[in-house]
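Listed here are the chains, written in short residue letters.
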Amino acid sequence: MTVELICVGTELLLGNIVNTNAAYLAEKCAGLGLSCYFQSVVGDNEERLAQTIRTALDRSDIVILSGGLGPTEDDLTKETAAKVCGRTLEMHEPSRQALERYFTDRGLTLTDNNWKQAMIPQGAIVLDNHNGTAPGVILETEQAKVILLPGPPNELYPMFEESVVPYLEGLTSQVICSQTVKICGVGESRVETQIQDLIDAQTNPTMATYAKTGEVHIRVTAAAESRKAAMKLIKPLVKELKARFGNDIYSTEEETTLEKAVADLLQANDLTVTCAESCTGGMLSARLVNVPGVSQVYKAGLVTYSNKAKRKILNVKKSTLHKHGAVSPKTAEEMAKGAAVFAKADVAVAVTGIAGPGGGTEEKPVGLVYIACNVKGEITVKKYRFSGNRGKIRESAAAAALTLMRSCILEYFSKVTFGK
């Protein structure tokens, strides 16, 4: 089955809001085995929106629209979709009551324009909104299924998971399952080269690669008469990927992030950790502390941006900074040593680099980053050259630091286990 996405809102066209809904919906639909060939962004204009919906109905089995379900005059999605599908709007009593409760419970004044959110196209399926005021709507037509979702991500995401996923799964007799193999420290081109034979031979299950910052994900998807049968098809392919990529795979669980995998590794080996950051400015620490329960292993985060801070807090030698500079393997090494001493941590990771846009030279260009990892006194320093703007370089450096930390811990315990 094919799905088409239409995101509604003039603010999206103007770039005032990043269109995260499209990325979320596309990824979720792909995981359900739906083929997405078209995506559109339309402003708050009835005529253009109506034309976009008609075009989508002619070429796709499922049309998902997000945004434009609010109470204001420029919220036109539901009204326009109903008109295109030949439906009239009528008051939906359960939605009216839910709307009234929402405002009463919060001590808010319910103005007359809010009632339009409880007006639902005749014969539609109503999707409860447990995080906002606008219910979702499913219109089933002879041409396609039309699904209307609220624009705010904190409303759209849970509604999609709770109501839309079960609905879409019920449209086919087959069950579609996916498993994601997550790889770090290996580029997308190399990953694809290593699995090209599997891609060429794929039928069911299928596989697709997705590049993330510092990571590559391979999603394996299978269709079968039951979840058990689908997962049975997936299992041999995942096993083959594990054989090919080994320790570069940090997880096969959808919800596990790289930082969670690192935190789990630290906890499993009873290790504490600290971070000393310069160019990343706390971004590495922020990713780690975003993991629930990380307080068991995370001791301190040090943003030593200036040379003075590197000297005073981390005991980086003045001679090192003078001779090698703040962005150098020697400085990164001494930062990792000093951080471990300061925090009394088993593992210390240090990042120093040039994020730009200025400050680069021919010898030390923008994007040059050194990362050091200290595991119980064994220090590894790596040189990186990242591209992109300041934000992208910092994100890439934080991801690389997590990857290096993981590999150094694995290597350390490999040596301990095998006596190398």
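All values derive from a computational prediction rather than experimental measurement. (Residues numbered from 1 in each chain as written. Predicted model: local features only at pLDDT ≥ 70, side-chain atom pairs only at ≥ 80, totals over all residues. Heavy atoms only, no water.)

Enquirer: What should I look at first to understand the overall build of the protein in this one?
Expert: Counting secondary structure elements, the protein contains 15 helices and 17 strands. Counting only C-alpha atoms and orienting by the principal axes, one finds that the protein spans roughly 75 × 50 × 45 Å. Relative to its full complement of 420 residues, the protein shows a buried share of 47%. Residue pairs at least 24 apart in sequence account for 67% of intrachain contacts in the protein once pairs closer than 6 positions are excluded. Counting every atom, the protein has about 20400 Å² of accessible surface; 50% of that belongs to carbon and sulfur. Taking the 47 positively charged and 47 negatively charged side chains of the protein as two groups, their mean positions are separated by 13 Å. (Helix = DSSP H or I, 4+ residues; strand = E, 2+ residues; numbered from the N terminus. Buried < 20%, exposed > 50% of the residue type's maximum accessible area, 1.4 Å probe, protein only. Contact = heavy atoms within 4.5 Å. Areas by Shrake-Rupley, 256 points an atom, 1.4 Å probe, with all protein chains shown as cover. Lys, Arg positive; Asp, Glu negative; His and termini not counted. Charge placed at Lys NZ, Arg CZ, Asp CG, Glu CD.)

Enquirer: So what exactly am I meant to see when it comes to the sheet that holds strand 16 (residues 368-375) here?
Expert: Within a sheet, each strand pairs with its neighbour through backbone hydrogen bonds, oriented either parallel or antiparallel. The strand order 14-13-15-16-17 describes an open sheet built from five strands, whose pairing is mixed. Sheet topology places strand 14 (298-303) and strand 17 (378-385) at the edges, where each strand pairs with a single neighbour. Between one strand and the next, the sheet's axes are offset by a mean angle of 10 degrees, whatever the strand orientation. Where strand 16 meets strand 17, eight bridges bridge the pair, whose relative direction is antiparallel. The residue of strand 17 that forms the bridge with Tyr 370 is Lys 383. The sheet strands contacting helix 14 (residues 329-343) are strand 13 (273-277), strand 14, strand 15 (347-353), strand 16 and strand 17, and the helix crosses strand 15 at an angle near 145 degrees. (Pairing = 2+ DSSP bridges. Axes fitted to C-alpha atoms, helices over the stretch in contact; angles between N-to-C directions.)

Enquirer: What is the right way to read the packing of helix 3 (residues 46-59) against helix 4 (residues 77-84) from this model?
Expert: Each packed pair of helices is defined by two parameters, the angle between the axes and the distance between the axes. As a packed pair, helix 3 and helix 4 sit with axes 9 Å apart at the nearest point and diverge in direction by 50 degrees. Overall, the two elements helix 3 and helix 4 adopt an arrangement that is oblique. Both helix 3 and helix 4 take part in a crossing whose hand is right-handed. Here Glu 46, Leu 49, Ala 50, Ile 53, Arg 54 and Leu 57 of helix 3 lie close against helix 4, whose contacting residues are Thr 77, Thr 80, Ala 81, Lys 83 and Val 84. (Parallel < 35°, antiparallel > 145°, perpendicular 65-115°, else oblique. Left-handed = near helix turned anticlockwise from the far one by under 90°.)

Enquirer: How should I be thinking about the side chain of Glu 277 in this particular structure?
Expert: Residue position: Glu 277 is located in strand 13. Look past the residues within four positions of Glu 277 in its chain and what remains in contact with it is Gly 282, Met 283, Leu 284, Ser 285, Leu 302, Val 303, Thr 304, Tyr 305 and Val 351.

Enquirer: Any chance you could explain the sheet that holds strand 12 (residues 249-251) here in plain terms?
Expert: A sheet is described by the order of its strands in space; here four strands give the open sequence 10-11-9-12, paired in antiparallel fashion. Strand pairing shows two members of the sheet lacking a second neighbour, strand 10 (206-212) and strand 12, which therefore form its edges. When strand polarity is set aside, the average angle formed by the axes of neighbouring strands in this sheet is 30 degrees. Bridge count for strand 9 (residues 175-184) against strand 11 (residues 215-224) is ten bridges, and the pairing is antiparallel. Bridge pairing in strand 11 links Cys 184 to Glu 215.

Enquirer: Explanation requested: helix 14 in the structure shown.
Expert: Residues three or four positions apart in an α-helix share a direction because the helix packs 3.6 residues into each turn. Taking 1.5 Å of rise per residue, 15 residues should cover 21 Å, and helix 14 covers 21 Å from first to last C-alpha, within 8% of that figure. Thr 331, Ala 332, Glu 334, Met 335, Ala 336, Gly 338, Ala 339, Ala 340 and Ala 343 are the residues of helix 14 that are buried. Just downstream of helix 14 lies Lys 344, where phi reads positive at about 55 degrees. (Expected span 1.5 Å × (residues − 1).)

Enquirer: Would you take a moment to explain the layout of surface pockets for this structure?
Expert: A probe matching the size of a water molecule, rolled over the atoms, marks out where space remains unfilled. Estimates place the volume of the largest pocket at around 1100 Å³. Forming the boundary of the largest pocket are 36 residues, of which Glu 27, Lys 28, Lys 182, Arg 219 and Glu 254 lie nearest the centre. Residue assignment for the lining of the largest pocket shows that the elements contributing at least two residues are helix 2 (20-31), helix 6 (153-169), strand 9, strand 11, helix 10 (258-268), helix 11 (283-289) and helix 15 (390-418). In terms of residue class, the lining of the largest pocket is made up of eleven nonpolar, ten polar and 15 charged. (1 Å grid on protein atoms, 1.4 Å probe; cavity = no way out; pocket = protein on both sides within 12 Å on 5 of 7 lines; lining within 4 Å. Points joined across faces, edges and corners; volume = space filled by probe spheres on them. Nonpolar A, V, L, I, M, F, W, Y, C, P; charged D, E, K, R; others polar.)

Enquirer: Looking at this structure, I do not really get the nonpolar core. What am I missing?
Expert: Nonpolar side chains tend toward joint burial in soluble globular proteins. Ranked by size, the top nonpolar core spans 39 residues in total, and within it Leu 266, Val 347, Val 369, Ile 371 and Met 405 carry the most contacts. Counting only elements with at least two residues in this core, the list comes to helix 10, strand 13, helix 11, strand 15, strand 16 and helix 15. In terms of residue count, the dominant contributor to this core is helix 15 (eleven residues). If sequence neighbours within four positions are ignored, Leu 266 has contacts with Leu 271, Val 273, Val 297, Val 347, Met 405 and Ile 409. (Core = buried A, V, L, I, M, F, W, Y, C linked by side-chain atoms within 4.5 Å.)

Enquirer: I tried to follow the packing of aromatic side chains on my own but got confused; where do I start?
Expert: Centre-to-centre distance and the angle between the planes together describe a pair of aromatic rings. Within the structure shown, the criterion is met by five aromatic pairs. Seen in terms of ring centroids, Tyr 24 and Tyr 157 are 3.9 Å apart; in terms of plane orientation they differ by 15 degrees. Their pairing is stacked. Residue Tyr 24 is located in helix 2, and its partner Tyr 157 is located in helix 6; the two are separated by 133 residues in the primary sequence. The class for Tyr 24 is buried, based on a relative accessible area of 11%. (Phe/Tyr/Trp six-rings, centres within 6.5 Å; stacked < 30°, edge-to-face > 60°.)

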